[in-house]
Amino acid sequence: LTLHSCDISGSSLYLPDSSLLPLRDLPILARLPLPCAEPALQQALVLAKSRPQGACIQLLGGEALDLNALRDLGRQLRAALLHNDFPPQQPLVLLVESNVGKTLGHYATDWGQSSQRLLVIDEIPDRHAQFIHIGQPHQQVVPVSFFGIR
């Protein structure tokens, strides 16, 4: 069971405030391919905005993202958060497959200038799940558990 429903993410994740964790019962509201179409991202953020306890969006692929594409994705995400008036106190978790967590998080928050409670957890393989739990950091590792796996 643990092999198929738990993963860990290490020191390359974007976690500006560890006091946000643990987060429990976060719905995975969208599974979006990278590069991401703006209307799909906007729709996912509208759904996430309606969940004050927090929500998760899974970004699939991205192994071929170069620095320019990653920068553009971060800017696109920042613009979408501003456009949707996403509440800064509401947690938003992004799960990505490739090792881009810190970089994407920094670009999406304008290098920490945004007050958005954004977490980018990287190196998480594609899971067809409905909910996640994110545990407390322990020795630079954050456990991620998946529930409702199809």
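Each chain carries its own residue numbering, running from 1 in the written order of its sequence. Totals for whole chains, interfaces and linings use all residues, but because this is a predicted model, local features are given only for residues with pLDDT of at least 70 and pairs of side-chain atoms are given and counted only at 80 or more. Side-chain metrics rest on all non-hydrogen atoms present in the structure, leaving aside hydrogens and water.

Participant: Teacher, can you tell me more about the environment of Leu-34 here?
Facilitator: The helix and strand labels rest on DSSP assignments: H or I over at least four residues marks a helix, E over at least two residues marks a strand, and numbering proceeds from the N terminus. Looking at the element boundaries, Leu-34 is found in the loop between strand 2 (23–33) and helix 2 (38–49). Among all residues touching Leu-34, those that are not within four sequence positions of it are Leu-59, Leu-60, Gly-61, Gly-62, Leu-65 and Leu-73. Contacts were defined at the residue level, with two residues in contact if any of their heavy atoms lie within 4.5 Å.

Participant: Whenever I open this one, the packing of helix 3 (residues 67–83) against helix 4 (residues 101–108) confuses me. Can you help?
Facilitator: Helix packing for two helices is described by the angle between their axes and how far apart those axes are. Contact pair helix 3 / helix 4: the axes reach a minimum separation of 7 Å and the direction vectors enclose 45°. With respect to helix 4, the axis of helix 3 lies oblique. Handedness of the helix 3/helix 4 crossing: right-handed. In contact with Leu-67, Leu-70, Arg-71, Leu-73, Gly-74, Leu-77 and Arg-78 of helix 3, helix 4 contributes Thr-103, Leu-104, Tyr-107 and Ala-108. Gly counts as polar in this scheme, as do all residues outside two lists: the nonpolar Ala, Val, Leu, Ile, Met, Phe, Trp, Tyr, Cys and Pro, and the charged Asp, Glu, Lys and Arg. When its residues are assigned to classes, the contact of helix 3 with helix 4 shows seven nonpolar, two polar and two charged. Helix axes are fitted only over the stretch in contact, all axes being lines through C-alpha atoms; the angle between N-to-C directions runs from 0 to 180 degrees. By the definition adopted for this analysis, an angle is roughly parallel if under 35 degrees, roughly antiparallel if over 145, roughly perpendicular if from 65 to 115, and oblique otherwise. Definitions for this section: a left-handed crossing has its near helix turned counterclockwise from the far helix by less than a right angle. A right-handed crossing has that turn clockwise.

Participant: Explanation requested: the packing of aromatic side chains in the structure shown.
Facilitator: Two aromatic rings, taken as a pair, are described by how far apart their centres are and by the angle between their planes. Two rings belonging to Phe, Tyr or Trp (six-membered ring only in the last case) form a pair when the distance between their centres is within 6.5 Å. Interplanar angles under 30 degrees mark stacking, angles over 60 mark edge-to-face geometry, and anything in between is tilted. With the rule as written, the count across this model stands at one aromatic pair. An angle of 75° between the planes, with centres 5.4 Å apart, marks the rings of Tyr-107 and Trp-111 as edge-to-face. Lying across the ring of Phe-146, Arg-127 places its NZ or CZ 5.5 Å from the centre. In this scheme, Lys NZ or Arg CZ marks a charge over a ring once it lies within 6 Å of the ring centre and within 35 degrees of the ring normal.

Participant: Sorry, what's going on with helix 4 here?
Facilitator: An α-helical turn contains 3.6 residues, so a residue and the one three or four places further along point in the same direction. Within the sequence span of helix 4, burial applies to Gly-101, Leu-104, Gly-105, Tyr-107 and Ala-108. Projection of helix 4 onto a plane perpendicular to its axis shows the buried side chains occupying an angular sector of 165°, all on one side. Asp-110 occupies a position one or two residues after helix 4 and carries a positive phi of about 55°. Exposure categories follow from relative accessible area, calculated using a 1.4 Å probe and restricted to protein chains: below 20% of the type maximum is buried, above 50% is exposed, and the middle band is partly exposed. Here the arc refers to the set of directions running from the helix axis out to each C-beta atom.

Participant: I tried to follow helix 3 on my own but got confused; where do I start?
Facilitator: Expected span of a helix: the number of residues minus one, times 1.5 Å. For helix 3, with 17 residues, the first-to-last C-alpha span of 24 Å sits near the 24 Å given by 1.5 Å per residue. Where helix 3 is concerned, the buried positions are Leu-70, Leu-73, Gly-74, Gln-76, Leu-77, Ala-80 and Leu-81. Looking down the long axis of helix 3, one finds its buried residues gathered within 160° of arc, a one-sided arrangement. Seen from the open side of helix 3, the exposed residues pointing more than 90 degrees away from its buried face are Leu-82 and His-83. The elements touched by buried residues of helix 3 are helix 2, strand 4 (92–96), helix 4 and strand 5 (118–121). Just downstream of helix 3 lies Asp-85, where phi reads positive at about 55°.

Participant: Is there a simple way to explain the pairing of strand 5 in this structure?
Facilitator: For a regular strand, side chains alternate in direction, first toward one face of the sheet and then toward the other. Covered by surrounding structure in strand 5 are Leu-118 and Val-120 together with Leu-119 and Ile-121, the residues of both alternating faces. Pairs of strands are assigned from DSSP output, requiring at least two bridges between the strands. Alignment of strand 4 against strand 5, held across four bridges, turns out to be parallel. Bridge pairing in strand 5 links Leu-95 to Ile-121. Think of it like this: strands point away, you trace from the first strand over the helix to the second, and a clockwise trace means the crossover is right-handed. You can see the chain leave strand 4, run along helix 4 and come back into strand 5, and the turn it takes is right-handed.

Participant: Would you take a moment to explain the pattern of salt bridges for this structure?
Facilitator: Pairs can form between side chains of opposite charge once their charged atoms are near each other. Every case where a carboxyl oxygen of Asp or Glu lies within 4 Å of a side-chain nitrogen of Lys or Arg is listed as a salt bridge. Enumeration over the complete set of coordinates arrives at one salt bridge. Between Asp-126 and Arg-31 there is a salt bridge, and its shortest N-O distance comes to 2.4 Å. With Asp-126 in the loop between strand 5 and strand 6 (131–134) and Arg-31 in strand 2, the pair connects residues that are 95 residues apart, well separated along the chain. Judged by relative accessible area, Arg-31 falls into the partly exposed class, the value being 28%.

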